[in-house]
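Coordinates in review
Spelled out, the chains give:
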Number of protein chains: 2
Amino acid sequence: MTAEAAPTRRTELLAIAAQLFADKGFKNTTVRDIAEAAGILSGSLYHHFDSKESMVDEILSTFQEQLFASYDAVLASDVDARTKIEQCVRLSFAAIDEHPHEVAIFQNEAAYLLTFDRFGYLADRNAQSRNLWMTLLTEGVSSGALRGDLDVTLTYRFIRDTVWVAVRWYRPGAGHSHEAIADQYLTILLDGIATTGG
Amino acid sequence: MTAEAAPTRRTELLAIAAQLFADKGFKNTTVRDIAEAAGILSGSLYHHFDSKESMVDEILSTFQEQLFASYDAVLASDVDARTKIEQCVRLSFAAIDEHPHEVAIFQNEAAYLLTFDRFGYLADRNAQSRNLWMTLLTEGVSSGALRGDLDVTLTYRFIRDTVWVAVRWYRPGAGHSHEAIADQYLTILLDGIATTGG
DNA sequence: CCCCCAACCAAGCAATTGCTTGGTACTGTA
DNA sequence: TACAGTACCAAGCAATTGCTTGGTTGGGGG
């Protein structure tokens, strides 16, 4: 359905749609908005796509595939849990840097899109992400790298939320680099903001 | 405009609308949805409110007023910066517990609503909140209670995001209490998740 | 008994929405 | 020259949207 090497125009239109979906929301973006931004009429979009839903679908599924492939690479590597946690965090901030629109759409629209059957794969990806973090955190605790009194479920949620919600304010090429942000965040997460011995 | 002791029915309708706005989004909730949930016809809503916009407006402004009043109480108290930070965090999780719909609406719809003049006060509240946290964090750093190498702007964003985004998964009366969540979060924020001496 | 008024209904209007249909311009290939 | 395929236009339809209008109901105060 979505397969093979995409022609240019289709990809262009998806990028335009992604930006609008990210900025104004899916429901709040009309097909006429997308068409106007692309310099064509709204009906012409249906030469390229079945529906407005198909557009978000293709945007999100393509992104998720890339993202989880890079998570898998980290998991397969031969380092300890704490290092894997660090790498996953850095990787997530890098994803925000490279695909801000896609991340924003997922953050803002996932709950709504999940009410449709065709977006069930988003729930699967959520579960996959949850497993990943829970495994790493549990490993970290039992190996002694992380504090024993951690509630891993809560810690997972805090990490997930703080990392991804950064898409709301992070702008590529403005202020901090995504690497610098990841550094600061990891410092806070791992060692806290209080002075030691407080 | 919004003043004085509210009659019962109006408040009921606002509560119904708030739940729908929080669950499905403002744009994605129709006046017919609200009316149906209230057991009346959509036109009858306009006996109580000017417009759909007026409903969110009243929901959000009322909540923000309460919230910032309680922040002010903390700021006026005579304790050190670190204690004030702790109290503000606890207070925020308590707000999520007591007004989950209002918090969710503000989190999800603020960006969109800010495109209308009438919601300009939301930007003012954001600035007010930013000032509050930046002041407390800067005080904490200069008094030596917080680490000197902190980027206070980034730290402010991390705290703000992590606290408020909890509204996405926190459900009053299920699993952890909001106090327990605040405890865990403060532990992580202040002392980190790594074992000391790592 | 009358009147008032808050709360609501019944019906519908104008605008906006996603999407369809039938046709046209242009480009490359044989 | 004929043909095919891509990318688009022009026009409009059916459904949904927020909101309006004029009228009805039922309970409480005088």
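Quick look at the structure, then. (Residues numbered from 1 in each chain as written. Chains lettered and ligands numbered in written order. Predicted model: local features only at pLDDT ≥ 70, side-chain atom pairs only at ≥ 80, totals over all residues. Heavy atoms only, no water.)

1. A look at the overall build of chain A
The helix and strand inventory of chain A stands at eight helices and zero strands. Taken from the N to the C terminus, the helices and strands of chain A come in the order α-α-α-α-α-α-α-α. Here chain A holds 198 residues, and 49% of them are scored as buried. Restricting to contacts in chain A with at least 6 residues of sequence separation, those with at least 24 account for 67%. Counting every atom, chain A has about 9400 Å² of accessible surface; 51% of that belongs to carbon and sulfur. (Helix = DSSP H or I, 4+ residues; strand = E, 2+ residues; numbered from the N terminus. Buried < 20%, exposed > 50% of the residue type's maximum accessible area, 1.4 Å probe, protein only. Contact = heavy atoms within 4.5 Å. Areas by Shrake-Rupley, 256 points an atom, 1.4 Å probe, with all protein chains shown as cover.)

2. A few points about the protein's contact with DNA strand C
Taken together, 17 residues form the shell around DNA strand C, and within it Val 31, Tyr 46 and Lys 52 of chain A together with Leu 41 and Ser 44 of chain B come nearest. Each atom of DNA strand C within 4 Å of the protein was classed as base or backbone; sugar and phosphate made up 61%. Between Ser 42 of chain A and DNA strand C, the recorded distance is 3.3 Å, taken from a side-chain N or O atom to a base nitrogen. Contacts to DNA strand C include Arg 9 of chain B, whose side-chain N or O atom sits 3.1 Å from a phosphate oxygen. A per-class count over the surface near DNA strand C returns four nonpolar, nine polar and four charged. (Near = heavy atom within 4 Å. Polar contact = N/O pair within 3.5 Å; in protein donor to acceptor, adjacent residues only side chain to side chain. Nonpolar A, V, L, I, M, F, W, Y, C, P; charged D, E, K, R; others polar.)

3. Examining the packing of helix H4 (residues 81-98) of chain B against helix H8 (residues 178-191) of chain B
All names here are of chain B. In the contact formed by H4 and H8, the axes pass within 9 Å of each other and the chain directions differ by 140 degrees. With respect to each other, H4 and H8 are oriented oblique. Note that H4 runs across H8; the crossing there is right-handed. Between H4, through Arg 82, Glu 86, Val 89, Arg 90, Phe 93, Ala 94 and Asp 97, and H8, the contact on the second element is made entirely by His 178, Glu 179, Ile 181, Ala 182, Asp 183, Tyr 185, Leu 186 and Leu 190. The residue makeup of the contact of H4 with H8, split by class, is eight nonpolar, one polar and six charged. (Axes fitted to C-alpha atoms, helices over the stretch in contact; angles between N-to-C directions. Parallel < 35°, antiparallel > 145°, perpendicular 65-115°, else oblique. Left-handed = near helix turned anticlockwise from the far one by under 90°.)

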